[in-house]
Amino acid sequence: MINKIAKKATLIYPKFYENTFWSFERTLKKYIRKNEFGLPKRSLPPLGLMGLFNHLKPYYDHLELIDRNVNPKPLEELLKDTDHVYMGGMIAQSTGFIEDAKLVKSMGKKLIAGGTIVDEKSPLMKIADHLVENEAEMVIDDLLQGLFHGNAEKYYQGTHTPPEKFFQPDYSCISLDNYQSMAVQITRGCPFNCEFCDITARFGHKQRMAPWEHTEAAFRQMFELNWKGTVFIVDDNLIGKPKEVIPLLKRIYDLEKELGYKFPKYSEVSLNLSDDTPIMKELRTWLRKTYFIDNFIGVETNNTKALVETGKRQNLRGEKSTQEKLSLISKEAGTNLMMGIIYGFDSDTTESADDLIKFINSTNVPTVMVGLLQALPNTRLWDRMKHEGRLAENATGNNSDGTMNFIPYNITEEEAEKSYLKILEGIYEENAFFTRVKKALNLIDVEVKDIPDAIDGKIYSALRILTKENALSYWKNLREAHNIAKKRYGLITNGYWYIIGEYLTYCARYTHMKAQIQHIKDQIKYRNYEKWQQISWRKIQEKLKESKENLLEFYAGYGIARGNTG
């Protein structure tokens, strides 16, 4: 028997205060119709809280989910009649999370905090009544029963959840029109072991796949709610188990054939999708057939020493160059690509920045997310930096904010930040960017013949893209996009409109990228660098040998607190 805990619970998704390359905030603000509150739409909904909402239904008479990035109403007004407040979020939301958590407690409400922001060293330990770290499914009922009986523990450590126990989101608990994309989680975990990545630390190397019934229910509900936008398959690496993914894609294909609609999809995949094996070739075919229009790939760097150093050996497989691998994926999977790049590995130098620019501009990938390396808690990189005494600050959780939280090896943090800006300016220079766009438009080959009116719903955005910021650049390059579309698919066909639609999408992203680069530029221009940000780890080692000081004595002179270095 399920015990009712209280009358009402409110689930809160905190604000993202820091604008990032990932947010596409400027794109959404300028080119997309506003949400129900007159604010810009958000890229994605709070999927984790949508799953928790569904699970909490039997325990409360009333439930409400509030995304603070969507709803501008004062929290005091929104929480007047609620008993319990559940908050979930990421490290990148820490400012908004702590701000809202303090307000919740000032109102006398019981606060339960969760998400990847939570650990036992978090300032939330002094604010929230109860906290859940990592996956909540296996401990949530203990917490709920504890709330009912009045003996709930302060802290719950989540454990890896069997796939059949994954929370299933209820898409009706949000207004879908407030978002640019929907999301479905199919797997958790990744089989690889990249030093900087916290996914395996949190979710393990053994990838777990949700039962088909969960995935089917998600797609059916989105269809019933008349969602016609893109769907992000929220997986850390969708293709971690290719033998299981192919049957899944076939089922999605059959389901969408039954529904009479293909959702445009995108996900995160690893570069080994390009492997010359029968299974990967079949997987590329099924990604194309199931209408994956975009995929993010963690390429990270063209510096092979750095790939070995960080444990990303899967990117070194085979004899093909990375450029050839990316082209193969775009052509055979039919997909656009986004590429993740990281600068600041131990083997990186100032010259590595120039090499990265040349490498990126030689690919067919227009949208490139470049970040400075950060050591995240629970990662092997964090442990190594702490052991070596190189940690200087806590991670911001946003690797595109132009900062590092440890002392780089060959370069100083000041040099790293300026090289970072150089990379961004080099790859988002107009000619460089649109050269990559044209390569992409010549390669992508999704199955569009049975998707009518591929440009439908983009007319409003198209008019704004072609009449506002950077419009002259967009018109100038539109002619060649038209020629590519016409040559590949004929004039005014579904394929033609698909190519034009993708061109306009790249234009919209470019507006955001240019604005974000200016933001980073302004930050660096006015930044006052501490002494420790002006010396490399290699130089520190040399000075220690000369001075005979120990590391803590040396750090004292450079303004680094002992507590930060571990």
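Located above this text is the structure these notes cover.
Residues numbered from 1 in each chain as written. Predicted model: local features only at pLDDT ≥ 70, side-chain atom pairs only at ≥ 80, totals over all residues. Heavy atoms only, no water.

K.L.:
Pulling in residues and values, what's your account of the packing of helix 15 (residues 430-443) against helix 18 (residues 494-525)?
P.N.:
For the pair helix 15 and helix 18, interaxial distance at closest approach is 11 Å and the crossing angle is 155°. Judged on the interaxial angle alone, helix 18 and helix 15 are roughly antiparallel. Handedness of the helix 15/helix 18 crossing: right-handed. The residues of helix 18 that touch helix 15, namely those facing Glu430, Phe433, Phe434, Val437, Ala440 and Leu441, are Ile499, Glu502, Tyr503, Tyr506, Cys507 and Tyr510. (Axes fitted to C-alpha atoms, helices over the stretch in contact; angles between N-to-C directions. Helix = DSSP H or I, 4+ residues; strand = E, 2+ residues; numbered from the N terminus. Parallel < 35°, antiparallel > 145°, perpendicular 65-115°, else oblique. Left-handed = near helix turned anticlockwise from the far one by under 90°. Contact = heavy atoms within 4.5 Å.)

K.L.:
Describe the sheet that holds strand 11 (residues 265-269), naming the residues involved and giving the relevant values.
P.N.:
Spatial strand order, 7-10-11-12-13-14: six strands in an open sheet with parallel pairing. Each end of this open sheet is capped by a strand with a single partner; those strands are strand 7 (181-184) and strand 14 (367-372). Sheet twist, expressed as the mean angle between neighbouring strand axes with direction ignored, is 20°. In the sheet, strand 10 (residues 230-233) pairs with strand 11 via three bridges, with the strands oriented parallel. Note that in strand 11 the partner of Ile233 across the bridge is Ser267. (Pairing = 2+ DSSP bridges.)

K.L.:
So what's going on with the pattern of salt bridges? Which residues, and what values?
P.N.:
Counted by the stated rule, this structure contains 37 salt bridges. Across the pair Asp61 and Lys4 runs a salt bridge whose closest N-O atoms are separated by 3.8 Å. Placement of the pair is Asp61 in strand 2 (residues 60-67) and Lys4 in the segment before strand 1 (6-13), with a sequence separation of 57 residues. A relative accessible area of 47% places Asp61 in the partly exposed class. Asp81 is paired through a salt bridge with Lys8; the nearest N and O atoms lie 3.2 Å apart. Of this pair, Asp81 sits in the loop between helix 3 (75-78) and strand 3 (84-88) while Lys8 sits in strand 1, placing them 73 residues apart in sequence. In this structure Asp81 comes out as exposed when scored by relative accessible area, which is 51%. A network of salt bridges, in which partner residues are shared, links Glu195, Asp346, Arg384, Glu388 and Arg390. (Salt bridge = Lys/Arg side-chain N within 4 Å of Asp/Glu carboxyl O. Buried < 20%, exposed > 50% of the residue type's maximum accessible area, 1.4 Å probe, protein only.)

K.L.:
Break down unusual backbone geometry for me, with residues and values.
P.N.:
Look at Asn134: it is not a glycine, yet its phi comes out positive at around 65°. Even without being a glycine, Ile492 presents a positive backbone phi close to 55°. By secondary structure assignment, the location of Ile492 is in the loop between helix 17 (471-489) and helix 18.

K.L.:
So what's going on with the packing of aromatic side chains? Residues and values would help.
P.N.:
Summed over the entire model, instances satisfying the criterion amount to 16 aromatic pairs. When the centroid spacing of 6.2 Å and the interplanar angle of 85° are considered together, the rings of Tyr60 and Tyr86 count as edge-to-face. Separated by 26 residues along the polypeptide, Tyr60 in strand 2 and Tyr86 in strand 3 bring together distant segments of the chain. The interplanar angle of 80° and the centroid separation of 5.1 Å between the aromatic rings of Tyr496 and Trp497 together place this pair among those described as edge-to-face. Using a relative accessible area of 29% as the deciding quantity, one classes Trp497 as partly exposed. (Phe/Tyr/Trp six-rings, centres within 6.5 Å; stacked < 30°, edge-to-face > 60°.)

K.L.:
Which residues make up the pairing of strand 14, and what values do they have?
P.N.:
In terms of burial, strand 14 is a largely internal element, six of the six residues being buried. Burial along strand 14 is two-sided: Thr367, Met369 and Gly371 facing one way and Val368, Val370 and Leu372 facing the other are all buried. Across six bridges, the pairing between strand 13 (residues 336-343) and strand 14 is parallel. Along strand 14, the bridge assignment pairs Met338 with Thr367. In this view, the connection linking strand 13 to its parallel neighbour strand 14 by way of helix 12 (residues 350-361) has right-handed handedness. (Right-handed = clockwise from strand over helix to strand, strands pointing away.)

Honestly, that's just the spatial picture; any functional story needs more than this.
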